[in-house]
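Residues per chain, in single letters:
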Amino acid sequence: KQEVTQIPAALSVPEGENLVLNCSFTDSAIYNLQWFRQDPGKGLTSLLLIQSSQREQTSGRLNASLDKSSGRSTLYIAASQPGDSATYLCAVLSGSARQLTFGSGTQLTVLP
Amino acid sequence: GAVVSQHPSWVICKSGTSVKIECRSLDFQATTMFWYRQFPKQSLMLMATSNEGSKATYEQGVEKDKFLINHASLTLSTLTVTSAHPEDSSFYICSASGGPHNYGYTFGSGTRLTVV
């Protein structure tokens with residue numbers, strides 16, 4: 001059974017800092033990995049999707065890497081802003097049922 | 001990009017009544033949609049997989065008679081919480097996979113259900 005872990009559970013940084021969020025998964029046989037953002041009481045917004053054959057994806061100030069063999073992904077946020085404050089969720093697509101398994105998220109607070 | 005619309009965004013109902021939540025894929029056809037439940041400060045837990053034209057597949061521990069899923073068309077899936085009780089109060093989110101450029105999974109905006 002796939003398990004996804006995110007570290008840290010919460011993170012508070014001053015505005016302008018670069019930061020890294022970590023995600024690890026137990027079964028490396030994945031189809032893809034997706035990073036989402038969730039604002040309080042809202043749904044999920046997809047940030048980056050990395051296919052199993054890819055090593056990284058970039059969008060603006062966000063860069064996500066994938067090391068499938070070690071079961072790890074990182075989300076790098078450059079020059080953080082207060083508007084980046086949200087919960088960031090990592091999810092992997094795996095298994096014969098192509099099920100999406102979520103981590104418990106990292107709650108990020110960027111202080112002005 | 002792929003858009004999934006979920007309605008309503010919040011609902012308050014009395015204990016014992018039923019509530020229907022709709023999930024629509026607006027610009028693509030989704031043969032499969034997924035329903036998740038999220039408790040406060042926890043991650044998403046898959047409840048069921050909704051397949052167009054066939055019965056939904058429920059995860060272990062999810063009562064199929066309580067959470068009725070209908071996927072009657074390629075763009076609409078509904079979740080009905082029957083005989084709701086306060087412990088059913090939660091945040092329900094749907095998602096669909098698809099779209100012309102493989103956007104991965106796209107999620108609705110969620111429905112906050114409060115049963116009083």
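Turning our eyes to something else, we now look at the sheet that holds strand β7 (residues 62-67) of chain A. Residues and elements named next belong to chain A. Pairing in this open sheet of 5 strands is antiparallel, and the strands run β1-β3-β8-β7-β6 from one edge to the other. Two strands in the sheet have a free side with no partner beyond their single neighbour: β1 (4-7) and β6 (56-59). Direction aside, the axes of adjacent strands within the sheet are offset by 15° on average. Where β1 lies against strand β3 (residues 19-25), 4 bridges are found, and the strand directions are antiparallel. Its bridge partner lying in β3, T5 is registered against S24.

This part covers the packing of aromatic side chains. On inspection of all chains with the given rule, the structure shows 7 aromatic pairs over all chains. Summarising the aromatic geometry, the rings of F102 of chain A and F107 of chain B are spaced 5.7 Å apart at their centres and angled 75° between planes, so their arrangement reads as edge-to-face. Pair noted here: F102 of chain A is in strand β10 (residues 99-102) and F107 of chain B is in strand β10 (residues 105-107), and the two residues belong to different chains. With relative accessibility at 9%, the residue F102 of chain A sits in the buried group. Geometrically, the ring pair formed by F67 of chain B and Y92 of chain B is tilted, given 6.3 Å between the ring centres and 45° between the ring planes. Here the residue F67 of chain B occupies a position in strand β7 (residues 67-73), and Y92 of chain B occupies one in strand β9 (residues 90-97), the gap between them amounting to 25 residues. Judged by relative accessible area, which is 0%, Y92 of chain B ranks as buried. Aromatic rings pair up to connect F36 and F102 of chain A together with Y36 and F107 of chain B into one cluster.

As a further point, take the interface of chain B and chain A. With 17 residues of chain B in contact, the opposing surface of chain A contributes 19 residues. With both sides pooled, the region where chain B packs onto chain A buries about 1,300 Å², and carbon together with sulfur makes up 52% of that total. Counting the contacts that link chain B with chain A gives 0 salt bridges. Elements with a contribution of two residues or more to the side of chain B that touches chain A: β4 (32-38), β5 (44-51), β9 and β10 of chain B. Tallied by class, residues from the side of chain B that touches chain A come to 8 nonpolar, 7 polar and 2 charged.

Another point: the pattern of salt bridges. Residues and elements named next belong to chain A. What the rule picks out here adds up to 4 salt bridges over all chains. Between R37 and D39 there is a salt bridge; the shortest N-O distance is 3.0 Å. According to the relative accessible area criterion, D39 is partly exposed, its value standing at 27%. Residue R61 is joined to D84 by a salt bridge in which the shortest nitrogen-to-oxygen separation is 2.8 Å. Here R61, found in the loop between β6 and β7, pairs with D84, found in the loop between β8 (72-77) and β9 (86-94); they are 23 residues apart in sequence, far enough to count as distant. Residue classification places D84 among the buried positions, given a relative accessible area of 8%.

Each disulfide consists of a covalent bond between the sulfur atoms of two cysteine residues. All names here are of chain B. Taken as a whole, this structure holds 2 disulfides over all chains when the rule is applied. Residue pairing for C23: its cysteine sulfur links by disulfide to C94, the two sulfurs lying 2.0 Å apart. Since a negative S-S torsion denotes a left-handed disulfide, the C23-C94 link at about 85° is right-handed. Of this pair, C23 sits in strand β3 (residues 19-25) while C94 is found in strand β9, placing the two residues 71 residues apart along the sequence. Side by side, C23 and C94 carry an identical accessibility label, which is buried. Here C13 is not cross-linked by a disulfide; its sulfur's nearest cysteine counterpart is in C94, at 18 Å.

The rules behind each value
- Residues numbered from 1 in each chain as written.
- Chains lettered and ligands numbered in written order.
- Predicted model: local features only at pLDDT ≥ 70, side-chain atom pairs only at ≥ 80, totals over all residues.
- Heavy atoms only, no water.
- Pairing = 2+ DSSP bridges.
- Helix = DSSP H or I, 4+ residues; strand = E, 2+ residues; numbered from the N terminus.
- Axes fitted to C-alpha atoms, helices over the stretch in contact; angles between N-to-C directions.
- Phe/Tyr/Trp six-rings, centres within 6.5 Å; stacked < 30°, edge-to-face > 60°.
- Buried < 20%, exposed > 50% of the residue type's maximum accessible area, 1.4 Å probe, protein only.
- Contact = heavy atoms within 4.5 Å.
- Buried area = accessible area lost by both parts, 1.4 Å probe.
- Salt bridge = Lys/Arg side-chain N within 4 Å of Asp/Glu carboxyl O.
- Nonpolar A, V, L, I, M, F, W, Y, C, P; charged D, E, K, R; others polar.
- Disulfide = S-S within 2.5 Å.

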